[in-house]
Amino acid sequence: RPVRTESELAAIVGDAHVLVTRAYNRVTRRVIDAAPRLELIAQGTSGIDNIDLDAARERGIAVIHMPGVNANAVAELVLGFMISLTRTVPFYTREVVRGGFSRDDCAARHELRHFRLGIVGLGQVGTLVAKLASAFGMRVQAFDPYVPEARVATLEELLRTSDILTLHVPLTDETRRMIGANELQMLPRGSYLINASRGEVLDQQAALAALADDHLAGLALDVFDPEPPETTFPDDPRLILTPHIAGCSYEVKTTVGGQLFDRIVQFYSHE
């Protein structure tokens, strides 16, 4: 079973020199304190917000991770969300399952080239999303205060001029709840929101409320706060929910193990 609680992790790390983990395991101070011989935490994902970096630093424990290893998988699913939301694929799926075959309103659905895409965070995933979206003819803009190439000066400017907003920032004190009720109201009415970064970046309840009052026309969440989510979600075809799978694919699985092993060997070869 890959997902372990804090207590389970703390109970098994006692003799470990190296802890290999993924983002769904919380490597807390308690876990680190339970491993007196620990020298290295090796995480096979890009984000490391699940690791208590202060506790690791105090002990002199190195932390390595794999930024960008799953960027293509995330970007592809985000584009899939865009198409599914804007062409109302979940709605039509439900109609056919129920025995219907109505096509009367399909001509009211727009192709992606109709939409202005706003990307929050222009790292490896955000950059790849921009590239793929441009291939569909979308008008792409981005906000990232740390990337000079970002095309929008402020988050508010991006929000007010985006028909589809997708979030691709790491979880930090700066990004936690960066999209809340006020920010959602800055989006044009009838816009779409996708979060495949970290659940804590978005005020999830505010997003669901914006969907309920039709300010959002569609919402796709691959990440939640907490995970697994404790929210009871509405049965709404405008809502797409996936269990943090954006960065998970056969290609990622078969690549990350070998690359992480090489990083571990490299770490010890330089000691």
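Residues numbered from 1 in each chain as written. Predicted model: local features only at pLDDT ≥ 70, side-chain atom pairs only at ≥ 80, totals over all residues. Heavy atoms only, no water.

Student: I keep staring at the sheet that holds strand E2 (residues 40-43) and nothing clicks. Help me out?
Tutor: Strands in a sheet are paired, the pairing made by backbone hydrogen bonds, and the direction either parallel or antiparallel. Read from one edge to the other, the open sheet built from three strands follows the order E1-E2-E3, with strand pairing classed as parallel. Edge strands, defined here as strands with exactly one partner in the open sheet, are strand E1 (18-21) and strand E3 (62-64). Across the sheet, the mean angle from the axis of one strand to that of its neighbour is 15°, orientation sign disregarded. The pairing of E2 with E3 spans three bridges and is classified as parallel. Bridging from a neighbouring strand, Ala42 pairs with Ile64 of E3. (Pairing = 2+ DSSP bridges. Helix = DSSP H or I, 4+ residues; strand = E, 2+ residues; numbered from the N terminus. Axes fitted to C-alpha atoms, helices over the stretch in contact; angles between N-to-C directions.)

Student: What exactly am I supposed to notice about the packing of aromatic side chains here?
Tutor: Centre distance and the angle of the planes are the two values used to describe a pair of aromatic rings. Tallying each qualifying case throughout the model produces four aromatic pairs. Seen from their ring centres, Phe267 and Tyr268 are 5.0 Å apart, and the 85° between their planes marks the pair as edge-to-face. For Phe267, a relative accessible area of 22% corresponds to the partly exposed category. (Phe/Tyr/Trp six-rings, centres within 6.5 Å; stacked < 30°, edge-to-face > 60°. Buried < 20%, exposed > 50% of the residue type's maximum accessible area, 1.4 Å probe, protein only.)

Student: I would appreciate a short explanation of unusual backbone geometry in the present structure.
Tutor: A negative phi angle is the norm for most residues apart from glycine, just as the trans form is the norm for most peptide bonds. The step from Asp225 to Pro226 runs through a cis peptide bond, and the omega angle for that step is 0°. Among the structural elements, Pro226 can be located in the loop between strand E8 (216-221) and strand E9 (239-241). At the junction of Glu227 and Pro228, the peptide bond is cis and its omega measures out at -5° in the coordinates. Its location among the elements puts Pro228 in the loop between E8 and E9. Not every positive phi belongs to a glycine, and Thr88 is a case in point at roughly 50°. Checked against the element boundaries, Thr88 lands in the loop between helix H4 (71-86) and helix H5 (89-97). Judged by relative accessible area, Thr88 falls into the buried class, the value being 18%.

Student: Whenever I open this one, the nonpolar core confuses me. Can you help?
Tutor: For soluble globular proteins, nonpolar side chains are generally found buried alongside one another. In terms of nonpolar packing, the biggest core is built from 30 residues, with Met82, Leu117, Val129, Met138, Ile164 and Ile194 touching the most fellow members. For this core, the secondary-structure elements that each account for two or more residues are H4, strand E4 (116-120), helix H6 (124-135), strand E5 (139-143) and strand E7 (191-195). Broken down by element, the residue count for this core peaks at eight residues, all from H4. Apart from residues no more than four positions distant in its own chain, Val129 is found in contact with Ala75, Val78, Leu79, Met82, Leu117, Ile119, Thr166 and His168. Core analysis: the next-biggest nonpolar cluster, separate from the first, contains 27 residues, Leu165, Leu184, Val201 and Leu219 among them. (Core = buried A, V, L, I, M, F, W, Y, C linked by side-chain atoms within 4.5 Å. Contact = heavy atoms within 4.5 Å.)

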